[in-house]
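Here is what each chain is made of, one letter per residue.
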Amino acid sequence: MAEAVSGGLEKVTQAARQAPGRGLPPVHLWNPAHCGEIDIVIKKSGLWFHEGTPIGREALVRLFSTVLRKDPDGIYLVTPVEKMKITVEDAPFVAVRVDQVGGTLKFLTNVGDEVEAGPDNAIRVEMDPGGEPHPYLHVRRGLEALIARPVFYELVELARERETADGPQLGVTSNGAWFPVGPARAHQV
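Rules used in this analysis
- Residues numbered from 1 in each chain as written.
- Predicted model: local features only at pLDDT ≥ 70, side-chain atom pairs only at ≥ 80, totals over all residues.
- Heavy atoms only, no water.
- Pairing = 2+ DSSP bridges.
- Helix = DSSP H or I, 4+ residues; strand = E, 2+ residues; numbered from the N terminus.
- Salt bridge = Lys/Arg side-chain N within 4 Å of Asp/Glu carboxyl O.
- Buried < 20%, exposed > 50% of the residue type's maximum accessible area, 1.4 Å probe, protein only.

**A look at the pairing of strand β13 (residues 160-164)**
Next, step 1: Judged from the five bridges that link them, β13 and strand β14 (residues 167-174) form a sheet pairing that is antiparallel. Across the sheet, the residue bridging to R162 is Q169, located in β14.
Next, step 2: Between β13 and β14, which follow one another and run antiparallel, lie two residues.

Given below as structure tokens:
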């Protein structure tokens, strides 16, 4: 079992601030030897907690969000010198807004990422056993945003019916790609 990292929050903050370049750091290229766990939980609501207390500084949450990486065994905060596993209840981000600009759906996440849906950033909708939709947007390198319920309702309003192999299905188009917003025939019930 990975050891808990004491003072890990301060170490990650310092290392993330020192990460080179502008924009998103190249976390996919970093392979630090140190690996442990840090008591950070990203709730389904998109709120970040450290040791049970909400992280109230938006700038700090944004900073940490830039050094997230999804590996096969979980989601990590990664810097050039440390890699610490965190807990994510659903998705690490929440899509809180969508705008249709021409043929593009542009999303905004709770941490300020702007994402255009399309072939590289797919929209997918999972249905739970009770038939409730759980919509997601790919943000970057396997990390997704849960699409907030009001934003999903906007997508459904924008959706158009298309005939598919399984029957008529509602979906949206962005950057030339079509994404179903529910199972075939669901809108006919």
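**Comments concerning the pairing of strand β8 (residues 104-109)**
Next, step 1: Examined bridge by bridge, strand β7 (residues 93-101) and β8 share six bridges and lie antiparallel to one another. If you follow R97 over to β8, its bridge partner there is L108.
Next, step 2: Counting the residues that bridge the hairpin from β7 to β8 gives two residues, and of these G102 lies at a positive phi of roughly 60°.
Next, step 3: Summarising the sheet, β8 and strand β9 (residues 114-116) pair through three bridges and their orientation is antiparallel. Considered in β9, the bridge of L108 is made with E114.
Next, step 4: The antiparallel hairpin formed by β8 and β9 contains four residues in its connecting segment, where G112 sits at a positive phi of about 90°.

**Description of the pattern of salt bridges**
Next, step 1: Summed over the entire model, instances satisfying the criterion amount to nine salt bridges.
Next, step 2: Between E89 and K43 there is a salt bridge, and its shortest N-O distance comes to 3.3 Å. Of this pair, E89 sits in the loop between β6 (82-88) and β7 while K43 sits in the loop between β1 (34-42) and β2 (48-50), and the two are 46 residues apart along the sequence.
Next, step 3: Relative accessible area serves as the criterion here: at 47%, E89 is assigned to the partly exposed category.
Next, step 4: Linking D71 and K83 is a salt bridge whose minimum nitrogen-to-oxygen distance equals 2.8 Å. Of this pair, D71 sits in strand β4 (residues 68-71) while K83 sits in strand β6, and the two are twelve residues apart along the sequence.
Next, step 5: For K83, a relative accessible area of 16% gives the class buried.
Next, step 6: Each of R62, D113 and R140 takes part in a single network of salt bridges with overlapping partners.

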